[in-house]
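Analysis of the macromolecular model
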Amino acid sequence: ITRMSRKKFLILRYISTVIAGGVACMLPLLVFSIGSIIFCDAPEDYSRVDYSVIYSSFASMWEGKAVMAHICLYGFIFGCVWASVGMMFAVMIPNRYAALGFPVAVFCIANIVCNVLEAYKFSPVNMLLVDIQQSQGFVLAYQGILLLVSMILYMIVGNGRLKNA
């Protein structure tokens, strides 16, 4: 068995976790989209379909399949971000059961706090339901910042934990 450096191990583990989280969130959306394409008829006139502001520009592309692809892409990004957050907490918290539940608790508490403060724009739930937001750039920046912060904390804490092992 070949050995690798701590940095390489952390990076490879991070990448595999993020991709797995993205696929896990995207797969149900993809299955639903494919089922919709196979079993549902496309609308005759797309000008009569009420799409949100984000989807209005490309709602009629590929008979509405562009909207499905867009939702699947955001599902993948959402899964990547929260898998990264989960991985960060798994490294920070030695108890595996607490590490499994903590990202869910953070997600739910952040959602409740944002709803109480009426800051719906920052609610993590709205990062998956992109059509509620008015700006794709905001959603991508928000998720990018979460991804970057969780990756940096994961690398710092993970490197420290591996040195002590």
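Worth saying up front: this structure is predicted, and the values here are computed from it rather than measured.

Let's shift gears to helix α1 (residues 6-39). Helix length check: α1, at 34 residues, gives a terminal C-alpha distance of 49 Å against a target of 50 Å (1.5 Å per residue), a fit within 8%. Along α1, the sharpest kink reaches roughly 30°, centred on Met26 and followed within four residues by the proline Pro28. When we look at burial in α1, the residues that qualify are Leu10, Tyr14, Val18, Gly21, Gly22, Ser33 and Ser36.

Glancing now at the packing of helix α3 (residues 65-92) against helix α4 (residues 96-116). Put simply, α3 and α4 touch, their axes get as near as 8 Å, and they point 130° apart. As judged from the angle between their axes, α3 and α4 are oblique. Crossing of α3 against α4: the hand is right-handed. Residue-level inspection shows Phe78, Trp82, Gly86, Phe89 and Ala90 of α3 in contact with α4, the latter providing Ala99, Phe102, Pro103, Val106 and Phe107.

What tends to happen in soluble globular proteins is that the nonpolar side chains get buried as a cluster. Residues Trp82, Val85, Met88, Met127 and Tyr154 are the most contacted members of the largest nonpolar core, which totals 17 residues. If you list the elements that add at least two residues to this core, you get α1, α3 and α5 (136-164). In terms of residues, this core owes the most to one element, α3, which gives ten residues.

Basis of the calculations
Residues numbered from 1 in each chain as written. Predicted model: local features only at pLDDT ≥ 70, side-chain atom pairs only at ≥ 80, totals over all residues. Heavy atoms only, no water. Helix = DSSP H or I, 4+ residues; strand = E, 2+ residues; numbered from the N terminus. Expected span 1.5 Å × (residues − 1). Bend = angle between axes of the 7 residues up to and from the residue. Buried < 20%, exposed > 50% of the residue type's maximum accessible area, 1.4 Å probe, protein only. Axes fitted to C-alpha atoms, helices over the stretch in contact; angles between N-to-C directions. Parallel < 35°, antiparallel > 145°, perpendicular 65-115°, else oblique. Left-handed = near helix turned anticlockwise from the far one by under 90°. Contact = heavy atoms within 4.5 Å. Core = buried A, V, L, I, M, F, W, Y, C linked by side-chain atoms within 4.5 Å.

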